[in-house]
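# Chains, contacts and geometry: an overview
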Amino acid sequence: MLAKLLTELDTVPHFDRFATVDEVNDGLARLADDHPGVATLRRIGTSRLGDPMLCLTVGDGPRHAVVAAGPHPNEPIGGLTVTHLAGRLCADAGLRRAAGCTWHIVACLDPDGTRLNEGWFAGPFTRTHYGRHFYRPAADEQVEWTFPFSYKRAYFDRVLPETLALMRLIDDTRPSFLTTLHNGESGGVFYYLNRPEPALQEVLTSLPARYGVPLHAGESEHPSVKQLEQAVYLTPAMEDLYDYMEALGHEPTEHISGAASDSYIKRYGALGLTAEVPYWTDAAAGDTTPTGQVYRDLLREHAAELTATSTLLSEVLAAVSGDLVSRSPFIRASRCFVPMVARMGATDEGRSGAAGNDRPATVAEVTSIRERLHSVRLRFGGMLLRALEGELAIGNATPAIRASAGRLAETYGGWCAAAEAGASSVTIPIRHLVSIQYGAILAGATHTAEPVP
């Protein structure tokens, strides 16, 4: 299987930019027009701002695979990946037969949010340009985190229209395989699976090296995540996150909105896969060599930096809160994420005292923690700055908003300079990003067709 897969990856073309929402929609519509006997296009839902959500169905295999781009709007690799996947499936009957699937390919799960990121899709692909055009919705406005959830004292049923569209597609098709196309920012490649699949894991972990991208060996996205092997994690369940927060003495309902698609598909026994592919990489991301820094001290330093960042952003928000009039998505996101940064700092401070953390930190851990701090500052500082600039743009130039925008812009400029100067990473060619994601999709879908030994 691996040899055929690698040959298929050679079909991925060169890209010099990421695709916009309209470009992905138009690409799938053209394929439906050009391949009427193979592919059909339908509307599966409507975004909160009225955008149609399109799905291209290709083939007629006995099993169903759902592939959806744009679950988070700052993660656009999937737009190119689904366009290429759909084109290859339409053109190559042998490829359709190989996986034995009817494919349901969703153009974009969050078109409204994705449009707010399109300012950086054509580059330059620097941390600064990315951060200044970054948008990530508040937790309860994210398609991937607003599936129904009920556990202990947590209850969530404020399902978004976009989430409901994906839920209906899942219920209609009862897929054997689902992937929503995410990607990271920096470091190495890693994967989530909703159940251990050793044979598939072997294929997945072999793909990045073909493109000179390391496997992630640093910190996981959250301490509650369970690792299956290097760079392969068990998809986190909200129940596990709840229990983890409860054990730390935190209020879990303040951290959790809804569940994710990986949890929802369990009712159908489907395999869920997420390939997290970064924009920038660094050889240090896969380096497990011990350093001279104690891991406990690394966590405490990171906690202090996160706390200081949250304090500054909180002060800016507090200074302008009485003057804001727009309730823009940037303001809603800032009100969600700025307190979250403080909780991240408290979590790292708390776990620094755990047994065994007096060991040396690895190069990969030092690198991933440094990159996380840059990411937090550039993401959430950038969104708050966009919120204030939006207020100024509609004429709401009160003294507090003017002063706070100036203060934050100066601080943010320093954060950007530090991120650019402190990084030894390189920008990964977009073709390589799409190839890794495309390979993971084909490997996952094909794996579900293979008999269990």
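Residues numbered from 1 in each chain as written. Predicted model: local features only at pLDDT ≥ 70, side-chain atom pairs only at ≥ 80, totals over all residues. Heavy atoms only, no water.

### Thoughts on the overall build of the protein
From N to C terminus, the protein includes 15 helices and 15 strands. Dimensions along the principal axes, computed over C-alpha positions, put the protein at roughly 60 × 55 × 45 Å. For the protein, buried positions account for 56% of its 453 residues. Restricting to contacts in the protein with at least 6 residues of sequence separation, those with at least 24 account for 82%. Roughly 17400 Å² of accessible area belongs to the protein as shown, and the carbon and sulfur atoms make up 55% of that amount. (Helix = DSSP H or I, 4+ residues; strand = E, 2+ residues; numbered from the N terminus. Buried < 20%, exposed > 50% of the residue type's maximum accessible area, 1.4 Å probe, protein only. Contact = heavy atoms within 4.5 Å. Areas by Shrake-Rupley, 256 points an atom, 1.4 Å probe, with all protein chains shown as cover.)

### Describing the packing of helix α8 (residues 198-206) against helix α15 (residues 430-447)
The contact between α8 and α15 brings their axes to 10 Å, and the two run at 165 degrees. When the interaxial angle is binned, α8 and α15 end up roughly antiparallel. In this structure, the crossing between α8 and α15 has a hand that is right-handed. Contacts between α8 and α15 involve A199, L200, V203 and L204 from the first element and A440, A443, G444 and H447 from the second. Classifying every residue of the contact of α8 with α15 by side-chain character gives 6 nonpolar, 2 polar and no charged. (Axes fitted to C-alpha atoms, helices over the stretch in contact; angles between N-to-C directions. Parallel < 35°, antiparallel > 145°, perpendicular 65-115°, else oblique. Left-handed = near helix turned anticlockwise from the far one by under 90°. Nonpolar A, V, L, I, M, F, W, Y, C, P; charged D, E, K, R; others polar.)

### Topic: the pattern of salt bridges
Close approach of charged atoms allows side chains of opposite charge to pair. A full pass over the atoms with the stated rule returns 26 salt bridges. Note that E23 is salt-bridged to R17, the shortest N-O span being 3.0 Å. Given the relative accessible area of 36%, E23 is considered partly exposed. For R359, the salt bridge identified is with E365, shortest N-O distance 2.7 Å. Note on R359: relative accessible area 30%, which makes it partly exposed. (Salt bridge = Lys/Arg side-chain N within 4 Å of Asp/Glu carboxyl O.)

### Considerations on the nonpolar core
Residues F18, L85, W103 and Y191 are the most contacted members of the largest nonpolar core, which totals 92 residues. Ranked by the residues each element gives to this core, the list is headed by α15, at 10 residues. (Core = buried A, V, L, I, M, F, W, Y, C linked by side-chain atoms within 4.5 Å.)

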